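The primary structure of each chain is shown beneath.
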2 protein chains.
Amino acid sequence: MPKFKVSFAPSIRRLPSYLLLAKQAQDSGDEYISGTLIATELNLEPIQVRKDLSITGIIGKPKKGYPVSPLIAAIESYLNWDKRVDAIVVGAGNLGNALAGFPGFRQHGLHIIAGFDSNPDKAGSDIHGAPVYPMAQLYQKLNTMDVTIAILTVPSDFAQDVANELVSAGIDAIWNFTNVKLKVPANVVVQNEDLSSGYAMLSMKRRIRKAIIEGEIPSN
Amino acid sequence: MPKFKVSFAPSIRRLPSYLLLAKQAQDSGDEYISGTLIATELNLEPIQVRKDLSITGIIGKPKKGYPVSPLIAAIESYLNWDKRVDAIVVGAGNLGNALAGFPGFRQHGLHIIAGFDSNPDKAGSDIHGAPVYPMAQLYQKLNTMDVTIAILTVPSDFAQDVANELVSAGIDAIWNFTNVKLKVPANVVVQNEDLSSGYAMLSMKRRIRKAIIEGEIPSN
């Protein structure tokens, strides 16, 4: 059975897009944002937007839409993004570096405060301002930090061993950017981020377009 | 209405995981792989695995499972991953570099053959063996390449302008790693890869675990 199974997963995955639009509306000085506008911007049906947002508890006003500030607060509170959460990146290569510098994360309360790498030569360097330590110092450094999340970007061959080390060192949430299905104790939360899944979707869309162009399936 | 709407999207997203397991079985010399084993490995229900795989046309044998080589062929053919596809990375920063070096892509037929960057100083460098050209040479270089996909990793502020340039230069499939909802002509396929969506899922799993620990929701 899936552990910590998330209901309404597709809706949860869309919440960050709603949050981004709400913040853009706030920056523009708008008091309300309509569900129809959100739907148009995101290529969704208005009913879907209403259903998705209802899980956060926010209620729109007829003809006006959603009040912008409460909408932002509702999404951030629902996702626990209104509190600061500290994370480490394990594997300080290009991907680890890119994630450490991703501008959206800090806005969601996620602070990457250190990197770890098996290559001792990387110790003393930094990833977007966060110091990089050798893996050998994982236990010692984690003792001094209030870290709850490890972002795993090591090569796949090392993923399980490193995950074991992280769990031993007290990490109980792993954002897994490798394609390895990690074996972890029941209390450890894992979110797999498989780039091949996105590529499968892109490939299918290209296939569907080809079928439409060739008249194999209708275009509506 | 969503363009090129992909039916069974969650199933499509899982196909790469099935493919990986099938390839591992092939490497181990196995002739068959059972749906139950796949389900256990991926923390899914066996019925879900059967449903997902049925869309590729593969049929399992009672008691034996899926024949490994035909299973691999069925998934790769369904996703069009049995043919080589060339892509460029636009934005040759850390993320572009990481994607260019992602070992899984080449196995799926995706070859990143060049990078483009607005910083002319990056011209002459390479990302995992692919040459990096200045953006000013986009049209000229694309003329000499049979590129079908652009992987967009530029800063969000430039995403729409760069997407416009790509479309003008003949690109009709964009794998979008920015958080901008791109406006593109109807014939252009876009797959959005929003890292915030994955972080929303991780955040929800942590929230659900907390609720279980605090006895607010049952653990099964």
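Numbering of residues begins from 1 in every chain and follows the order in which that chain's sequence is written. Chains carry letters and ligands carry numbers; both start at the beginning, A for chains and 1 for ligands, and go up in the order they are written. Local features are withheld for residues below a pLDDT of 70 in this predicted model, meaning they are given only at 70 or higher, and side-chain atom pairs are given and counted only at 80 or more; totals for whole chains, interfaces and linings count all residues. Only hydrogens and water are removed before side-chain values are computed, so all heavy atoms of the structure are retained for them.

**Regarding the overall build of chain A**
- If you tally the helices and strands in chain A, you get 9 helices and 9 strands.
- If you line up chain A on its principal axes, its C-alpha atoms span 60 × 45 × 35 Å.
- Here chain A holds 220 residues, and the buried ones make up 51% of them.
- Only heavy atoms enter the contact rule, under which two residues are in contact if any of them lie within 4.5 Å. Long-range contacts, defined as pairs at least 24 residues apart, comprise 59% of the intrachain contacts of chain A with a sequence gap of at least 6. Only DSSP runs of H or I reaching four residues or more are called helices, and only runs of E reaching two or more are called strands; each is numbered from the N terminus. Using a 1.4 Å probe on the protein chains alone, a residue whose accessible area is under 20% of its type maximum counts as buried, one over 50% counts as exposed, and one in between counts as partly exposed.

**A few points about the layout of surface pockets**
- Lining residues are defined by having an atom within 4 Å of a point belonging to a cavity or pocket. Those points lie on a 1 Å grid over the protein atoms alone, cavities being sets where a 1.4 Å probe fits but cannot get out and pockets being open sets with protein on both sides within 12 Å along at least five of seven lines. Grid points are joined across faces, edges and corners, and a volume is the space filled by probe spheres set on the points. In this structure, the second largest pocket encloses a volume near 940 Å³.
- Forming the walls of the second largest pocket are 42 residues, and the residues nearest its centre are A:V154, A:P155, A:S156, A:D157 and B:P103.
- If you list the elements that add at least two residues to the lining of the second largest pocket, you get α5 (94-100), β4 (110-117) and α8 (156-168) of chain A together with α1 (9-27), α2 (35-42), α5 (94-100) and α6 (103-107) of chain B.
- A per-element tally of the lining of the second largest pocket places α1(B) first, with 6 residues.
- Under the scheme applied, nonpolar residues are Ala, Val, Leu, Ile, Met, Phe, Trp, Tyr, Cys and Pro; charged residues are Asp, Glu, Lys and Arg; polar residues are all the others, including Gly. For the lining of the second largest pocket, a count of residues per class yields 19 nonpolar, 15 polar and 8 charged.

**Topic: the sheet that holds strand β7 (residues 147-152) of chain A**
Residue and element names in this part refer to chain A.
- In short, DSSP must find at least two bridges between two strands for them to pair. With respect to topology, 7 strands assemble into an open sheet ordered β5-β6-β4-β3-β7-β8-β9, the strand pairing being mixed. Looking at which strands have only one partner, the edges of the open sheet turn out to be β5 (126-127) and β9 (189-192).
- By the bridge criterion, 2 bridges tie β5 to strand β6 (residues 130-134) in an arrangement that is antiparallel. Of the residues in β6, the one forming a bridge with I127 is A130.

**Focus on the packing of aromatic side chains**
- In summary, the pairing rule links any two rings of Phe, Tyr or Trp, Trp by its six-membered ring, whose centres are within 6.5 Å, and it sorts them by plane angle into stacked for under 30 degrees, edge-to-face for over 60 and tilted for everything else. In total, this model carries 14 aromatic pairs over all chains according to the counting rule given.
- Look at A:F116 and A:Y133: their rings are 5.7 Å apart centre to centre, the planes differ by 45 degrees, and that puts the pair in the tilted class. Residue A:F116 is located in strand β4, and its partner A:Y133 is located in strand β6; the two are separated by 17 residues in the primary sequence.
- In this structure A:F116 comes out as buried when scored by relative accessible area, which is 0%.
- Both rings, one in A:Y199 and one in B:F105, keep their centres 6.3 Å apart while their planes meet at 55 degrees; by these two values the pair is tilted. Of the two residues, A:Y199 sits in helix α9 (residues 195-213) while B:F105 sits in helix α6, which places them in two different chains.

**Quick word on the nonpolar core**
- Counting residues in hydrophobic clusters, the biggest one holds 107 residues, and the most contacted among them are A:L53, B:I12 and B:L53.
- Not counting residues up to four positions away in its chain, the partners in contact with B:I12 are A:A200, A:M201, A:M204, B:V6, B:S7, B:I55, B:Y78 and B:L79. In this text, buried Ala, Val, Leu, Ile, Met, Phe, Trp, Tyr and Cys residues form a nonpolar core when linked through side-chain atoms within 4.5 Å.

**Considering the interface of chain B and chain A**
- At the interface, 64 residues of chain B touch 64 residues of chain A.
- Note on terms: buried area is the combined drop in 1.4 Å-probe accessible area of two parts once they are placed together, counting the loss on both. Taken over both partners, the interface formed by chain B and chain A buries close to 6200 Å², and the fraction arising from carbon and sulfur atoms is 64%.
- Summed over the three residues of chain B that lose the most area to chain A, namely B:L195, B:Y199 and B:R209, the buried surface amounts to 12% of that side.
- Between Lys or Arg on one side and Asp or Glu on the other, a salt bridge is scored when a side-chain nitrogen of the former is within 4 Å of a carboxyl oxygen of the latter. Taken together, the connections running from chain B to chain A amount to 4 salt bridges.
- Here A:D172 ties to B:R209 by a salt bridge, and the two come within 3.3 Å at their closest N and O atoms.
- Two N or O atoms form a polar contact when they lie within 3.5 Å of each other; inside protein one atom must be a possible hydrogen donor and the other a possible acceptor, and for residues adjacent in sequence the pair counts only when both atoms belong to side chains. The tally of links between chain B and chain A comes to 21 residue pairs in polar contact (both at pLDDT 80 or more).

**Remarks on the relation of the copies chain B and chain A**
- The operation relating chain B to chain A is a screw motion whose rotation component is 180 degrees, with 0.0 Å of axial translation and a residual RMSD of 0.0 Å. The superposition of one copy onto the other is thereby described by a two-fold rotation axis. The rotation axis passes nearest to the C-alpha of B:N94 in chain B, at a distance of 2.4 Å.
- With an isologous cut-off of 70% or more, the 100% of interface residues of chain B that recur at the interface of chain A puts this contact in the isologous class. The atoms used to superpose the copies are C-alpha atoms, taken from residues with pLDDT of at least 70 in both, and the fit is least squares.

**With respect to the environment of A:G57**
- Here A:G57 is to be found in the loop between α3 (46-54) and β2 (66-67).
- C-alpha of A:G57 to C-alpha of A:Y78: the two residues are 21 residues apart in sequence and 8.5 Å apart in space.

**Here's the deal with unusual backbone geometry**
- Unusually for a residue other than glycine, A:K63 sits at a positive phi of about 70 degrees.
- For B:F8, which is not glycine, the phi dihedral falls at a positive 55 degrees.
- On the secondary structure map, B:F8 appears in the segment before α1.
- Here B:F8 falls in the exposed class, since its relative accessible area comes to 52%.

**Remarks on the sheet that holds strand β9 (residues 189-192) of chain B**
- Spatial strand order, β5-β6-β4-β3-β7-β8-β9 (chain B): 7 strands in an open sheet with mixed pairing. With partners counted over all chains shown, the strands left at the sheet margins are β5 (126-127) and β9 of chain B, one partner each.
- In this description, a line fitted to the C-alpha atoms serves as the axis of each element, helices being fitted only across the stretch in contact, and the angle between N-to-C directions of two axes falls anywhere from 0 to 180 degrees. Across the sheet, α9(A) touches β3 (85-90), β4 (110-117), β7 (147-152), β8 (173-176) and β9 of chain B, and the angle it forms with β9(B) is around 160 degrees.

**Here we look at the packing of helix α2 (residues 35-42) of chain A against α3(A)**
Residue and element names in this part refer to chain A.
- Contact geometry for α2 and α3: axes closest at 8 Å, N-to-C directions at 110 degrees. With respect to α3, the element α2 is oriented roughly perpendicular. Contact with α2, carried on its side by G35, I38 and A39, involves P46, V49 and L53 of α3 and no other residues of that element.
- Its residues placed into classes, the contact of α2 with α3 shows 5 nonpolar, 1 polar and no charged. When an angle is under 35 degrees it counts as roughly parallel; over 145 it counts as roughly antiparallel; between 65 and 115 it counts as roughly perpendicular; any other value is oblique.

**Remarks on empty space enclosed by the protein**
- Going through the model one piece at a time under the given rule, you end up with 5 cavities of 30 Å³ or more.
- Counting only elements with at least two residues in the lining of the largest cavity, the list comes to α1 and α6 of chain B.
- Sort the elements by how many residues they give to the lining of the largest cavity and α1(B) lands first, with 5 residues.
- Broken down by class, the residue content of the lining of the largest cavity amounts to 4 nonpolar, 6 polar and 3 charged.
- Computed from the structure, the second largest cavity encloses a volume of approximately 120 Å³.
- Taken together, 13 residues form the lining of the second largest cavity, with A:P16, A:L20, A:H108, B:N179 and B:S196 sitting closest to its centre.

Everything listed is a geometric property; what it means functionally is a separate question.
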